[in-house]
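Coordinate analysis (summary)
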Amino acid sequence: MATYGRDDAGHLEQALESLAGQRLGASEVVLVEDGPIGDAARAVIERYRAALNIQSVVMPRNVGLASALNAGLQHCHHELVVRFDSDDVALPERFARQIQAFCADPAVDVMGSFAQEMDSVGILGRVRSMPVSHEDILAKLWACPLIHPTVAYRRSRILAVGGYRTDLRRSEDYDLWFRCAKAGMRFANLPEALILHRFDETSHLRHAFRDALERALSGYRGASLLGMPLWKRLACFVPLLRAVLPTPLRHPAYRLLSRFDPRRSGQPD
């Protein structure tokens, strides 16, 4: 996990409380403080430090998510690493289900799941479904069929491809999955929502046009790296159209485009 100064301390508390409520507890929680954090967030961390065996990695300044996660990976002591965001909620079976699935299929390197959307005050929304099999995920990798805060992965395999690219602002996970695929890693998604993912109208405010362009270019480069057809490479630019809309129209456009999301694979919401 990583947190930084602008994170909501109340959301961070909900995230840590959800980790404390796991049926299968984590061996450790590596929490990167990406630059100075406020007193409220620090008090939350200290309340959960002993119960969750929180190992803090303190960055002297804000370095961004990619660099923060790379630093955190260097401090993880176990091969299986579960990613999580500081404003999401992990459902009680999350760790147990993913570890069980890794044990059942040792060939899998990166494993995600579905996620249920939740707004800033905790009201639940739709379930985001994703392709489940390795073959389906690989075929739709251009559409980023892995929800980053749901994934668990083998630490050695992620480090072997260089971890997260630190020159990317918003698409560090998208880029990573392409490099993992190029290295021959195997993917899977569990067909159930294992986290509540914070996402609503305000989420679009955090994504500027340059971030959307970076993501589109990352997709194009990644799809090219894997030799995907030209139409898949060009399809990476479709979400960019949403970023040029006035802010009040972005969320309705997101909902509309979601009906045609190739990642849904016919799974019900």
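The notes below deal with the structure included here. (Residues numbered from 1 in each chain as written. Predicted model: local features only at pLDDT ≥ 70, side-chain atom pairs only at ≥ 80, totals over all residues. Heavy atoms only, no water.)

1. A short note on the nonpolar core
Counting 35 residues, the largest nonpolar core has Val110, Tyr153, Trp177 and Phe187 as the members making the most contacts within it. When contributions to this core are tallied by element, the ones reaching two or more residues are strand 2 (29-34), strand 3 (54-59), helix 3 (65-75) and helix 7 (172-182). Considering each element in turn, this core owes the most residues, six residues, to helix 7. Setting aside anything within four residues of it in sequence, one finds Val110 in contact with Leu146, Val151, Ala152, Tyr153, Ile158, Trp177, Arg186, Phe187 and Ala188. Counting 23 residues, the second largest nonpolar core, distinct from the first, contains Leu16, Val44, Tyr48 and Ile147. (Core = buried A, V, L, I, M, F, W, Y, C linked by side-chain atoms within 4.5 Å. Buried < 20%, exposed > 50% of the residue type's maximum accessible area, 1.4 Å probe, protein only. Helix = DSSP H or I, 4+ residues; strand = E, 2+ residues; numbered from the N terminus. Contact = heavy atoms within 4.5 Å.)

2. A closer look at helix 1 (residues 9-20)
Over its 12 residues, helix 1 runs 16 Å from end to end, which matches the ideal 16 Å to within 8%, given 1.5 Å per residue. Among the residues making up helix 1, those that are buried are Ala9, His11, Leu12, Ala15, Leu16, Ser18 and Leu19. Two or three places before Gly10, at the start of helix 1, stands the capping residue Asp8, its side-chain oxygen 2.7 Å from that residue's backbone nitrogen. (Expected span 1.5 Å × (residues − 1). Polar contact = N/O pair within 3.5 Å; in protein donor to acceptor, adjacent residues only side chain to side chain.)

3. Points about the sheet that holds strand 3
What holds strands together in a sheet is hydrogen bonding between their backbones, with the strands either parallel or antiparallel. Taken together, the three strands give an open sheet; going across it, the order is 1-2-3, and neighbouring strands pair in parallel fashion. The strands lining the two open edges of the sheet, one partner per strand, are strand 1 (2-3) and strand 3. Note: strand 1 against strand 2, two bridges, orientation parallel. Counted as the bridge partner of Thr3 is Glu33 from strand 2. In the packing of helix 3 onto the sheet, the strands contacted are strand 1, strand 2 and strand 3, and the crossing angle to strand 2 comes to about 145°. (Pairing = 2+ DSSP bridges. Axes fitted to C-alpha atoms, helices over the stretch in contact; angles between N-to-C directions.)

4. Let's talk about the packing of aromatic side chains
One pass over the structure, following the stated rule, counts three aromatic pairs. Summarising the aromatic geometry, the rings of Trp142 and Trp231 are spaced 5.7 Å apart at their centres and angled 70° between planes, so their arrangement reads as edge-to-face. Note that Trp142 is positioned in the loop between helix 5 (134-139) and strand 8 (152-154) and Trp231 in helix 9 (residues 230-235), a separation of 89 residues in sequence. For Trp231, a relative accessible area of 54% puts it in the exposed group. Each ring, one from Tyr174 and one from Phe178, has its centre 5.2 Å from the other, and the planes form 45°; the classification is tilted. Here Tyr174 pairs with Phe178, and both are found in helix 7, just four residues apart, close to one helical turn. The buried category is assigned to Tyr174, whose relative accessible area is 4%. Against the face of Phe199 rests Arg128, its NZ or CZ located 4.6 Å from the ring centre. (Phe/Tyr/Trp six-rings, centres within 6.5 Å; stacked < 30°, edge-to-face > 60°. Lys NZ or Arg CZ within 6 Å of the ring centre and 35° of its normal.)

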